Amino acid sequence: MREEVSAGMFSGAIDAHWHDQLDTPAYDAFSTEHAGAVVGHSPESGSGGIGWAAVYEEAYGPLPAIWFTDELGRLDGEAFAAYRETGRVEASWNCGPEFAGETAQ
């Protein structure tokens, strides 16, 4: 059973790439290999702390600047600086991951 972690997608740049990859055989294989299932897309919105950031950091180190860019590649320097100073990510999002058999909350 997966641990429940707040998983809002707050990066416009990463979300745009995610949309480009959804429903392709390569994406299905990648997400099955790395997440244990195909990770779908759920239109959920919210704001607050990004709970998965700590899990990411344990596996890969600090979040790189790409996580703080919009779909046009513009960096939100203030948000990135706040993260680098505090280690916390506070953001808003309008979508998140969905695994087969789950529904948006």
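Residues numbered from 1 in each chain as written. Predicted model: local features only at pLDDT ≥ 70, side-chain atom pairs only at ≥ 80, totals over all residues. Heavy atoms only, no water.

Caption draft 1: Structural context of the environment of alanine 35. With respect to the helices, strands and loops of the structure, alanine 35 is situated in helix H2 (residues 25-35). The exposure class assigned to alanine 35 is partly exposed, which follows from its relative accessible area of 35%. Put simply, alanine 35 and phenylalanine 99 are 64 residues apart on the chain and 9.4 Å apart in space, counted from C-alpha to C-alpha. (Helix = DSSP H or I, 4+ residues; strand = E, 2+ residues; numbered from the N terminus. Buried < 20%, exposed > 50% of the residue type's maximum accessible area, 1.4 Å probe, protein only.)

Caption draft 2: Region of interest: the packing of aromatic side chains. Inspection of the entire model under this criterion finds nine aromatic pairs. Considering the side-chain rings of phenylalanine 68 and phenylalanine 80, the 5.2 Å spacing of their centres and the 50° angle between planes classify their relative orientation as tilted. Placement of the pair is phenylalanine 68 in the loop between helix H3 (53-60) and helix H4 (77-86) and phenylalanine 80 in helix H4, with a sequence separation of 12 residues. When its relative accessible area of 6% is taken as the criterion, phenylalanine 68 is described as buried. Residue classification places phenylalanine 80 among the buried residues on the basis of a relative accessible area of 17%. Joined through ring pairs, the aromatic side chains of Phe10, Trp52, Tyr56, Tyr60, Trp67, Phe68, Phe80 and Tyr83 make up one cluster. (Phe/Tyr/Trp six-rings, centres within 6.5 Å; stacked < 30°, edge-to-face > 60°.)

Caption draft 3: How the structure looks around the nonpolar core. Membership of the largest hydrophobic core comes to 20 residues, with the highest contact counts inside it found for Phe10, Leu63, Trp67, Phe68 and Val89. Sorting the residues of this core by element identifies H3, H4 and strand S3 (90-93) as the ones contributing at least two each. Not counting the four nearest positions on each side in its chain, valine 89 is found in contact with Phe10, Gly48, Gly49, Ile50, Ala53, Leu63, Phe68 and Tyr83. (Core = buried A, V, L, I, M, F, W, Y, C linked by side-chain atoms within 4.5 Å. Contact = heavy atoms within 4.5 Å.)

Caption draft 4: Region of the structure containing the layout of surface pockets. Put simply, the second largest pocket is a space of about 150 Å³. Looking at the lining of the second largest pocket element by element, the count peaks at three residues for S3. Looking at the lining of the second largest pocket residue by residue, the class counts come to five nonpolar, three polar and four charged. (1 Å grid on protein atoms, 1.4 Å probe; cavity = no way out; pocket = protein on both sides within 12 Å on 5 of 7 lines; lining within 4 Å. Points joined across faces, edges and corners; volume = space filled by probe spheres on them. Nonpolar A, V, L, I, M, F, W, Y, C, P; charged D, E, K, R; others polar.)

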